[in-house]
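# Remarks on the overall topology
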Amino acid sequence: MAAVDPIPSPTGGLDPRRLEAIWRRYRERWLTRFLARRGPLTPPFTLVYRRIFVLPTRFGLAYGLLLAAMILGGLNFNNNLGLLLGFLLVAVAHASLHLSYLNLRGIAVRAIDAPPVHAGQPVIVRLRLAAADGRAHQAIEAHLAQAGAVGDLPPAGPGAPAETIIRLTLPALPRGMHDPGRIQLASRYPLGLFRAWSWIEGGRFVMIYPRPAAHPPPLPIGPQGYRPALVSGDGDDDLLGLREYRAGDPLPAVAWKASARHGDLLCKRFAAPQGGVVDLDWHRVPAADDEQRLEILCAWVLEAHRRQLRYRLLLPDTTLAAGGGIAQRERCLAALALF
């Protein structure tokens, strides 16, 4: 790590904020190297002993001091009942230590995902957990940045859900691609005397789209006009109806529920928009700065998708081909987010 000279504070000492930033950066690099020596931990995986750490909580430390005082008092005054009670409470603490560790071991982390949102909206990170060992795991804490949540994992069984989803809500982030950091799973179960925890690396990048303009100008429909009516064909934008099954049709296109009602195999009939192409051109956006242009373009993309139009996006450094549907909308919004 490159050496950084602390900046003196106006009072003549070292700036505590700068020292705190240096300490956090050093701790983050040390933790990264420490976890890397235990191998990659990218979902799906199951927590094992090498990834679980246990330390007493503040309540546990106070409990330990109380036990030490009780045992010393029992030895000093030769009080057998006091010694018996002290050793019994030591056994309780020992059992609590093992239960805190076992409450994390065997948890399967299936996936970590965060759906894209627009700037100004909270980010929801979803952590999909399951009990790989078949036991119940209670009061599992998940922490990410400033967010935290608690959830229970039921034991595996015929009537139990396959997965449990814990949602972490992060504050709004600016436009772009973000890495919110590591997720920490922790457990204070059953008595809160010890805290077992583990760090999760998942490559969780969150896409933040631009904020759509509140009152954008109308869509720049070209002089050739546009016909937003739908025609049947091989499109993949909207469901138009049903048709009879033909040999070679893909299985995802089969409407199973409707087929069961009618007694014949039916396939979904999709429709595609017909008409000209709307050019969403960066240089034709009436705005004073780049961020306002991005907000207007974002609103145009959403409006064109809502009206089932075909459109293309023209940015100073790239041009996205004309298209429609959800895939085109996601491509355009991602290009605006990363501009």
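Residues numbered from 1 in each chain as written. Predicted model: local features only at pLDDT ≥ 70, side-chain atom pairs only at ≥ 80, totals over all residues. Heavy atoms only, no water.

### Section: the sheet that holds strand β9 (residues 176-178)
- Spatial strand order, β4-β12-β9: 3 strands in an open sheet with mixed pairing. Edge strands, defined here as strands with exactly one partner in the open sheet, are β4 (117-118) and β9.
- Examined bridge by bridge, β4 and strand β12 (residues 206-209) share 2 bridges and lie parallel to one another. What sits directly across from V117, in β12, is I208.
- Contacting β4, β9 and β12, helix α6 (residues 325-337) crosses the sheet at an angle of about 90 degrees to β12. (Pairing = 2+ DSSP bridges. Helix = DSSP H or I, 4+ residues; strand = E, 2+ residues; numbered from the N terminus. Contact = heavy atoms within 4.5 Å. Axes fitted to C-alpha atoms, helices over the stretch in contact; angles between N-to-C directions.)

### Notes on the nonpolar core
- V125, L127, L129 and L185 are the most contacted members of the largest nonpolar core, which totals 30 residues.
- At the level of elements, β3 (107-113), β5 (123-131), β6 (137-144), β7 (147-153), β8 (164-170), β10 (183-187), β11 (194-200) and β12 are the ones that each hand at least two residues to this core.
- Every residue in contact with L127, bar those within four places of it in the chain, is listed here: V109, A111, I112, A142, T164, I165, I166, I183 and L185.
- Among the nonpolar cores identified, the runner-up in size contains 27 residues, and V278, L294, A299 and L309 belong to it. (Core = buried A, V, L, I, M, F, W, Y, C linked by side-chain atoms within 4.5 Å. Buried < 20%, exposed > 50% of the residue type's maximum accessible area, 1.4 Å probe, protein only.)

### Points about the packing of helix α2 (residues 58-77) against helix α3 (residues 80-102)
- Their axes nearest at 8 Å, the elements α2 and α3 cross at an angle of 155 degrees. Of the possible angle classes, the one that applies to α2 and α3 is roughly antiparallel. The element α2 and its partner α3 pack so that their crossing is left-handed. Of the residues in α3, those in contact with Y63, L67, M70, I71, G74 and L75 of α2 are G82, L83, L85, G86, F87, L89, V90, V92 and A93.
- Of the residues in the contact of α2 with α3, the class split is 12 nonpolar, 3 polar and no charged. (Parallel < 35°, antiparallel > 145°, perpendicular 65-115°, else oblique. Left-handed = near helix turned anticlockwise from the far one by under 90°. Nonpolar A, V, L, I, M, F, W, Y, C, P; charged D, E, K, R; others polar.)

### What about the packing of helix α5 (residues 290-306) against α6?
- At a minimum axis separation of 10 Å, α5 and α6 run at an interaxial angle of 175 degrees. Considering their axes alone, α5 and α6 lie roughly antiparallel with respect to each other. When α5 is examined against α6, the residues L294, L297, C298, V301, L302 and H305 are found in contact with a partner set consisting of G325, I326, R329, C332, L333 and L336.
- Each residue belonging to the contact of α5 with α6 can be placed in one class, and the counts come to 9 nonpolar, 2 polar and 1 charged.

### With respect to the pattern of salt bridges
- Summed over the entire model, instances satisfying the criterion amount to 11 salt bridges.
- The closest approach of N and O atoms between R135 and D133, which form a salt bridge, is 2.7 Å.
- The class of D133 is partly exposed, set by a relative accessible area of 32%.
- Note that D279 and R312 form a salt bridge whose closest N and O atoms lie 2.5 Å from each other. Taken as a pair, D279 in strand β16 (residues 277-281) and R312 in strand β17 (residues 310-314) lie far apart in primary sequence, 33 residues in all. (Salt bridge = Lys/Arg side-chain N within 4 Å of Asp/Glu carboxyl O.)

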